[in-house]
Amino acid sequence: MSPLLRRKEKKRPDERMVTLIGKPGCHLCDDAQEVIEKVCAETGAQWEKKDISQDEELYRKHWEQIPVVLVDGEQHTFWRVNPERLRKALGA
C-alpha cells in the first residue's frame, strides 16, 4: 500500500505536543499563548514555548510568521490560533 494511503495511528490528546514559536513583546504571541494554554488545559496536551530571538535557525525559518504553532513538530498555523481548529488537530 502506498505510504500516502496508510493511516497513521491516532495519538490521544495527552500524547500530543504543541509548540509556540514567538518572541518577547509580541502581542500576537501573547494572544496565541492564551489560546494554547486554555486548549491544552482542556485536552491534556503538553505545550512548550520557543523564543526565536534565542535560536538562529528558528529566526531564519519563521521570523515573518510569528507566532507559529506546531503540533507534534508539524506547522499547524501562524499569526492567529483558532481554538476549535487546535482542539480538532489534537484529536479532542
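Details of the structure are given in the entry above.
Residues numbered from 1 in each chain as written. Predicted model: local features only at pLDDT ≥ 70, side-chain atom pairs only at ≥ 80, totals over all residues. Heavy atoms only, no water.

Peer 1: How do you make sense of the sheet that holds strand S1 (residues 17-22) when you look at a structure like this?
Peer 2: Ordered by their spatial adjacency, four strands build an open sheet running S2-S1-S3-S4, and the pairing between neighbours is mixed. The sheet is open, and its two edges are formed by strand S2 (46-51) and strand S4 (74-78), each paired on a single side. This sheet shows a mean twist of 25° between the axes of neighbouring strands, independent of strand direction. Alignment of S1 against strand S3 (residues 68-71), held across four bridges, turns out to be antiparallel. Along S3, the bridge assignment pairs Thr19 with Leu70. In the packing of helix H1 (residues 27-43) onto the sheet, contacts are made with S1, S2 and S3, and the angle to S1 comes to roughly 170°. (Pairing = 2+ DSSP bridges. Helix = DSSP H or I, 4+ residues; strand = E, 2+ residues; numbered from the N terminus. Axes fitted to C-alpha atoms, helices over the stretch in contact; angles between N-to-C directions. Contact = heavy atoms within 4.5 Å.)

Peer 1: How should I be thinking about the packing of aromatic side chains in this particular structure?
Peer 2: The geometry of two aromatic rings is summed up by the distance between their centres and the angle between their planes. All chains considered together, the criterion is met by two aromatic pairs. A ring pair is formed by Tyr59 and Trp63, whose centres lie 6.3 Å apart and whose planes are at 20°; its orientation type is stacked. Overall, Tyr59 belongs to the partly exposed group, its relative accessible area being 43%. Here Trp63 falls in the partly exposed class, since its relative accessible area comes to 45%. (Phe/Tyr/Trp six-rings, centres within 6.5 Å; stacked < 30°, edge-to-face > 60°. Buried < 20%, exposed > 50% of the residue type's maximum accessible area, 1.4 Å probe, protein only.)

Peer 1: Got a minute to help me understand the side chain of His62 in this structure?
Peer 2: Take His62: it is sitting in helix H2 (residues 56-62). When residues no more than four places from it in sequence are discounted, the contact partners of His62 are Ile21, Val68 and Gln75.

Peer 1: Just checking my understanding: could you explain the pattern of salt bridges for this structure?
Peer 2: A side chain of one charge can pair with a side chain of the opposite charge if their charged atoms are brought near each other. The full count for this structure, using the stated rule, is eight salt bridges. Here Asp72 ties to Arg16 by a salt bridge, and the two come within 2.4 Å at their closest N and O atoms. Here Asp72 is found in the loop between S3 and S4, whereas its partner Arg16 is found in the segment before S1, with 56 residues between them in sequence. Of the charged contacts in the structure, one is a salt bridge between Arg87 and Glu42, with a shortest N-O distance of 2.8 Å. (Salt bridge = Lys/Arg side-chain N within 4 Å of Asp/Glu carboxyl O.)

Peer 1: Before we go on, may I ask you to explain the pairing of S4 in this structure?
Peer 2: Every other side chain in a regular strand lies on the same face of the sheet, so the side chains alternate between the two faces. As paired elements, S3 and S4 share four bridges and run antiparallel to each other. Each residue of the ladder has a partner; that of Val69, found in S4, is Thr77.

Peer 1: Looking at this model, I keep getting lost on the environment of Gln75. Mind explaining?
Peer 2: Among the secondary structure elements, Gln75 is positioned in strand S4. When the C-alpha positions of Gln75 and Thr19 are compared, they lie 9.1 Å apart, and in sequence the two are 56 residues distant. Contact partners of Gln75, with chain neighbours within four places excluded, come to His62, Gln65, Val68, Val69 and Leu70.

Peer 1: Help me understand H1 in this model?
Peer 2: Because an α-helix packs 3.6 residues into every turn, residues spaced three or four apart end up facing the same way. For H1, which comprises 17 residues, the first-to-last C-alpha distance of 25 Å matches the rise-based estimate of 24 Å (1.5 Å per residue) to within 8%. Taken as a whole, H1 has its buried residues at Leu28, Cys29, Ala32, Gln33, Ile36, Val39, Cys40 and Thr43. Considered in projection along H1, the buried side chains sweep an arc of 145° and stay on one side of the axis. In H1, the exposed residues that point more than 90 degrees away from the buried face are His27, Glu34, Lys38 and Ala41. Buried residues along H1 sit against S1, S2, S3 and helix H3 (83-89). Phi for Gly44, located one or two positions after H1, is positive at around 90°. (Expected span 1.5 Å × (residues − 1). Arc of directions from axis to C-beta.)

Keep in mind that these numbers describe shape and distance, not what the molecule does.
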